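So the chains spell out like this:
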Amino acid sequence: GIAFLVILGAATFLLFIPRIPKSAAFFGVLLFLLAGNMLWFALSGMETVMFLSIGFLALMVYRSKRWLLFGILLGLLILTRPEGIALVVAIAMIEIWRQKKIGRGIILSTVVCALICAPWYFYLYTRTGHLLPTSAVAKMDSFRIGMDYISGKNHNLNTLNKFYPLIYVGLLLAF
């Protein structure tokens, strides 16, 4: 966790310095890294700081248009946490908006990313019947149970309970 915190700090600094003075970038990164939540994430043993580090490294590589390495990092990002697909979609949308087409670099990156992720998700689906890890399935099930409980206490919320998958995804995106 600490090693990835250092990588995250370096990547954040390198992302900042073309846009703001080095001293301001250093101070901002220092505040970011020493925030209580970031330190807790780094020391908790969870994958959170690794996910952030890979994501920030992917943004650096995207900026330099190194498409093969970008695809590798995106694949690792999605393997770390499935939410990494959001960065792939966001960057593809930005590229389409900027260039009015999907460039060869994005296609190469997406293919490499898919080649890295496909074996794991194929294995996961054949073993569990789900494309998400069992921890994610359990989180969605506990969310559904919570929604059932809340709608049982307040009948005005019954309508929301019918759309719990959309609510779960919406809350995840908002987070």
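Thresholds applied
- Residues numbered from 1 in each chain as written.
- Predicted model: local features only at pLDDT ≥ 70, side-chain atom pairs only at ≥ 80, totals over all residues.
- Heavy atoms only, no water.
- Helix = DSSP H or I, 4+ residues; strand = E, 2+ residues; numbered from the N terminus.
- Contact = heavy atoms within 4.5 Å.
- pLDDT = per-residue confidence, 0-100.
- Salt bridge = Lys/Arg side-chain N within 4 Å of Asp/Glu carboxyl O.
- Buried < 20%, exposed > 50% of the residue type's maximum accessible area, 1.4 Å probe, protein only.
- 1 Å grid on protein atoms, 1.4 Å probe; cavity = no way out; pocket = protein on both sides within 12 Å on 5 of 7 lines; lining within 4 Å.
- Points joined across faces, edges and corners; volume = space filled by probe spheres on them.
- Expected span 1.5 Å × (residues − 1).
- Arc of directions from axis to C-beta.

Colleague: What exactly am I supposed to notice about the side chain of Thr 48 here?
Modeller: Turning to its location among the elements, Thr 48 is positioned in helix H4 (residues 48–64). When neighbours within four sequence positions are excluded, Thr 48 is seen to be in contact with Phe 41 and Arg 81.

Colleague: Any chance you could explain the confidence of the model for the protein chain here in plain terms?
Modeller: Detailed reading of the predicted coordinates is not advisable wherever pLDDT is low. Confidence along the protein chain averages 83 in pLDDT terms, with 91% of residues attaining 70 or more. Within the protein chain, helix H9 (residues 158–161) has the poorest average pLDDT of any element, 66, and helix H5 (residues 67–80) the best, 92.

Colleague: Whenever I open this one, the pattern of salt bridges confuses me. Can you help?
Modeller: Pairing between side chains of opposite charge can happen when their charged atoms approach one another. Going through the model one piece at a time under the given rule, you end up with 3 salt bridges. The closest approach of N and O atoms between Arg 98 and Glu 95, which form a salt bridge, is 3.3 Å. Placement of the pair is Arg 98 and Glu 95 together in helix H6 (residues 85–99), with a separation of 3 residues, close to one helical turn. Classification of Glu 95 as buried rests on a relative accessible area of 2%.

Colleague: Explain empty space enclosed by the protein to me, please; I cannot follow it from the model alone.
Modeller: A probe as big as a water molecule, rolled over the atoms, marks out the empty space that is left. Inspection of the entire model under this criterion finds 1 cavity of 30 Å³ or more. A volume near 40 Å³ is recorded for the largest cavity. Surrounding the largest cavity, Phe 70, Leu 74, Val 88, Ile 91, Ala 92, Ile 106, Ser 109 and Thr 110 form its lining. Sorting the residues of the lining of the largest cavity by element identifies H5, H6 and helix H7 (104–128) as the ones contributing at least two each.

Colleague: Please explain unusual backbone geometry as it appears in this structure.
Modeller: Of note, the phi angle at Lys 65 is positive, near 60°, even though the residue is not glycine. Within the secondary structure, Lys 65 is located in the loop between H4 and H5.

Colleague: Would you mind showing me how to read helix H2 (residues 22–33) here?
Modeller: What sets the pattern is the α-helix's 3.6 residues per turn: residues three or four places apart point alike. With 12 residues, H2 ought to run about 16 Å at 1.5 Å a step, and its terminal C-alpha atoms sit 16 Å apart, in line with that. Within H2, burial applies to Ala 25, Val 29 and Leu 33. Looking down the long axis of H2, one finds its buried residues gathered within 60° of arc, a one-sided arrangement. In this structure, H2 carries Ser 23, Phe 27 and Leu 31 as exposed residues pointing more than 90 degrees from its buried face. Where the residues of H2 are buried, they touch helix H1 (2–16) and helix H3 (36–44).

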